[in-house]
Amino acid sequence: MTTGNVTHPTPTSGDPMPTSRPHAGAGSADPAPVHTPRLNRRRLLQGSAGVTLAGASPVALTDNASASAPSRTSLRRIPKIDVHAHFLPTDYRQALIDNGHSAPDGFPVLPTWSAPAHLSMMDSLGIGTSMLSISSPGVDFGADKVEWARRVNDTGAKTVQDNPGRFGLFASLPLPDVDASLAEIRYAFDTLKVDGVSMETNYDGIYLGDSRLDPVFAELDRRGAVLFLHPTSPSCWEATSLGYPRPMLEFLLDTTRAVSNMVLNGTLARYPHIRLIVPHAGAALPVLADRLAGVAGLFPVGGQPKGEVDVIATLRRLHYEVGAGWPFPRHIAALLNLVDASQLVFGSDFPFGGAPGIAANINSLIDTDLMQHKEVAGVLRENALQLFPRLQAVP
């Protein structure tokens with residue numbers, strides 16, 4: 001990535017926001033704003049079949065409608081780009097166990113991981129490239145987070161180097177340590193040539209959008225960086241999770257909380273060149289978007305004057321991962337009522353998501369009546385190429 005200093009104008013609340021931007025110094029103009037999504041009642045009511053649990057029997061990627069088999073067959077042959085894939089290096093996994101995270105966030109399984117096993121899953125499901133990131137609790141698990149950010153980033157970069165075209169990397173940052181995170185950003189982008197960064201929704205109760213993190217956001221904005229958001233447990237999870245594994249409810253609610261904070265306090269308006277990927281089909285944002293917009297129009301929120309924040313326009317320019325976490329048949333319909341299909345990208349959540357469930361989600365994407373086949377092709381690959389143009393050269 002290039003790193004030349006670039007001064008970006010801060011758009012007003014009524015200005016259209018760019019959907020993507022080349023790396024700083026690339027000299028290309030911002031593309032046109034996102035258009036209002038087009039959905040009709042028929043498309044909203046015609047959802048796809050639901051997915052199976054990760055532990056169910058394997059689901060074959062077979063055509064369900066012979067009349068459109070050629071089109072669906074071509075969709076299955078697309079080398080998908082997976083923006084939501086995790087890696088657990090052996091030393092990192094053992095460190096999690098040693099520090100009391102053998103069941104991270106109450107998830108009952110801490111999976112093992114290896115590059116060959118990951119590639120085998122990818123080959124079986126037609127995934128061309130997986131963007132690797134560290135899942136919750138990230139590198140803040142009780143050990144030296146600065147050391148572990150560097151260790152997992154070096155390991156991830158070596159995995160990318162050893163498997164050209166098959167993997168990419170979202171770097172981990174030792175937040176909330178701002179100075180150490182800025183140093184890791186420089187190393188990750190300039191030396192390791194990562195594809196973006198991954199951040200958790202909160203760090204010890206400090207949520208993304210907190211002004212203390214502004215120097216990190218400013219640097220990512222300067223680089224036009226891709227930021228992949230990943231949920232983690234809120235600091236109050238003991239009182240709110242109701243005894244259930246936090247990925248079931250708290251992950252979606254914390255994602256909603258973090259993105260809402262960044263929208264309502266103007267963080268995403270101040271740093272418009274960060275290309276944010278929201279996981280799990282936008283969590284609860286598709287349902288709460290109008291409520292957020294209504295409150296922001298009635299009252300001063302997040303230090304912004306009443307009516308200053310265009311909530312809907314801001315949410316529409318973000319990118320949303322679909323595929324992980326049972327988005328079919330209802331969740332995806334709500335999301336497509338908020339954003340255009342061109343803002344959606346594919347994700348698997350492997351290895352926390354099992355191959356049977358991933359296969360079922362792929363089937364649901366290909367078989368859905370909520371999107372045209374061309375739009376589904378965009379979700380599986382083309383939309384991600386706008387974020388990761390280096391993959392254009394990968395067959």
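Before any of the text, the structure's been laid out above.
## Quick word on the sheet that holds strand 1 (residues 80-86)
Argument step 1. Taken in spatial order, the 8 strands line up as 1-2-3-4-7-8-9-10 in an open sheet, and their pairing is parallel. Because the sheet does not close on itself, it has two edges, and the strands there are strand 1 and strand 10 (344-346). On average, adjacent strands in this sheet sit at an angle of 30 degrees to one another, irrespective of strand direction.

## Considerations on the pairing of strand 3 (residues 167-172)
Argument step 1. With 6 of 6 residues buried, strand 3 is to be regarded as a mostly interior element.
Argument step 2. Residues of strand 3 alternate between two faces, with F167, L169 and A171 on one and G168, F170 and S172 on the opposite face, all of them buried.
Argument step 3. Examined bridge by bridge, strand 2 (residues 127-133) and strand 3 share 3 bridges and lie parallel to one another. When the bridges of strand 3 are listed, S130 appears paired with F167.
Argument step 4. Where strand 3 lies against strand 4 (residues 196-200), 3 bridges are found, and the strand directions are parallel. Residue A171 lies in a different strand from strand 4, and its bridge partner there is V197.
Argument step 5. Regarding topology, helix 6 (residues 178-190) serves as the crossover connection from strand 3 to the parallel strand 4, and that connection is right-handed.

## Details of the pairing of strand 4
Argument step 1. Where burial is concerned, most of strand 4 is hidden: 5 out of the 5 residues are buried.
Argument step 2. Residue alternation in strand 4 divides its side chains into two sets, G196, S198 and E200 and V197 and M199, and both sets are buried.
Argument step 3. Looking at chain direction, strand 4 and strand 7 (residues 226-230) are connected through 4 bridges and run parallel. Its bridge partner being in strand 7, V197 is matched across the sheet by L227.

## Comments concerning helix 6
Argument step 1. Spanning 13 residues, helix 6 covers 18 Å between terminal C-alpha atoms, matching the ideal 18 Å at 1.5 Å per step.
Argument step 2. What helix 6 keeps buried is the set V178, A180, S181, L182, E184, I185, A188 and F189.
Argument step 3. Of the residues flanking the start of helix 6, the one acting as N-cap is D177, its side-chain oxygen 3.4 Å from the backbone nitrogen of D179.

## Some remarks on the environment of L252
Argument step 1. As for its placement among the helices and strands, L252 is situated in helix 9 (residues 250-264).
Argument step 2. Residues L252 and A281, 29 residues apart in the sequence, show an inter-C-alpha distance of 9.5 Å.
Argument step 3. Leaving out residues up to four positions away in the same chain, L252 has contacts with H280, A283 and A284.

Thresholds, definitions, all that
Residues numbered from 1 in each chain as written. Predicted model: local features only at pLDDT ≥ 70, side-chain atom pairs only at ≥ 80, totals over all residues. Heavy atoms only, no water. Pairing = 2+ DSSP bridges. Helix = DSSP H or I, 4+ residues; strand = E, 2+ residues; numbered from the N terminus. Axes fitted to C-alpha atoms, helices over the stretch in contact; angles between N-to-C directions. Buried < 20%, exposed > 50% of the residue type's maximum accessible area, 1.4 Å probe, protein only. Right-handed = clockwise from strand over helix to strand, strands pointing away. Expected span 1.5 Å × (residues − 1). Polar contact = N/O pair within 3.5 Å; in protein donor to acceptor, adjacent residues only side chain to side chain. Contact = heavy atoms within 4.5 Å.

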